[in-house]
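# Chains, contacts and geometry: an overview
What follows is the residue order along each chain.
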Amino acid sequence: MSVCSGVVLLFMNTVMFLCLLVCALIAEGVTLLIFKSYEKDAACFLACAVYFPLSLPFLYVWYQIMGGTVLAYINSVWWVTALMSIAVVALCCLGSYLGVRISRELKKSGVLMK
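Now for a quick tour of the structure. Just so we're clear, the structure is a prediction, and the values are computed from it rather than from any experiment. Each chain has its residues counted from 1, following the order in which its sequence is written. Totals for whole chains, interfaces and linings use every residue, but because this is a predicted model, local features are given only for residues with pLDDT of at least 70 and side-chain atom pairs only at 80 or more, for both listing and counting. Based on all heavy atoms of the structure, the side-chain values leave hydrogens and waters out of the count.

A few words on the side chain of T31. Numbered from the N terminus, helices here are DSSP runs of H or I no shorter than four residues, and strands are runs of E no shorter than two. One can find T31 in helix α2 (residues 14-35). Pairs of N or O atoms are called polar contacts if they sit within 3.5 Å, as long as, within protein, a hydrogen donor faces a hydrogen acceptor (for residues adjacent in sequence, only side-chain-to-side-chain pairs). Here A27 takes part through its backbone oxygen, which lies 2.8 Å from a polar atom of the side chain of T31. Not counting the four nearest positions on each side in its chain, T31 is found in contact with K36, Y38, A43, L46 and A47. Whether two residues are in contact is decided by their heavy atoms: any pair within 4.5 Å suffices.

It is worth spelling out the environment of S55 at this point. Looking at the secondary structure, you find S55 in helix α4 (residues 55-66). Accessible area is worked out with a 1.4 Å probe on protein chains only. A residue is then buried under 20% of its type maximum, exposed over 50%, and partly exposed in between. What makes S55 buried here is its relative accessible area of 6%. Separated by 29 residues in the primary sequence, S55 and I26 have C-alpha atoms spaced 10 Å apart. Contact partners of S55, with chain neighbours within four places excluded, come to C19 and C23.

The patches reported here contain residues having more than 30% relative accessible area and no salt bridge. Joining distances are 9 Å for like charges and 5 Å for nonpolar side chains (Val, Leu, Ile, Met, Phe, Trp, Tyr). Using a 1.4 Å probe, accessible areas were evaluated by the Shrake-Rupley method; residue-level cover was limited to the displayed protein chains. We define a salt bridge as a contact between a side-chain nitrogen of Lys or Arg and a carboxyl oxygen of Asp or Glu at a distance within 4 Å. Side chains of F45, L91, L94, Y97, L98, I102, L106, V111 and L112 sit close together on the surface and give an oily, nonpolar patch of about 830 Å² of accessible area. Here the nonpolar patch takes six residues from helix α6 (residues 78-109), the largest share from any one element. The residue F45 is located in helix α3 (residues 41-51) in this model.

Let's shift gears to the nonpolar core. One finds L9, F17, C19, L20, C23, A24, A27, Y51, L54 and L59 forming the largest nonpolar core, which totals ten residues. The element that contributes the greatest number of residues to this core is α2, accounting for six residues. If we ignore the near neighbours within four places in the chain, the residues touching F17 are G6, V7, L9 and L10. The nonpolar core is taken to be a set of buried Ala, Val, Leu, Ile, Met, Phe, Trp, Tyr and Cys residues, with the residues joined through side-chain atoms within 4.5 Å.

In structure tokens form, the structure reads like this:
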């Protein structure tokens, strides 16, 4: 998933591509350590819900290293950063839930194979 979404980023922003690739590998590893496969809906939910929120700490560390105006904004208005992080986690969980629910319906109708 990260390779498909990151191919565009590879040429525009290599750091973002590497960040997404590392986050995908961590999410995949955690999911496979806990569930051993993607047969359960909970495994799909976990992998999707964890993927983008994992990028937040990596990007924060990157901005700490690089400095600049983004870092000044992040550090000066910390509550906006916290609210945006909470919103990212909430939207990822909502999207994961909706994706699992849609896949269940498609399995019931016979469109998706089990």
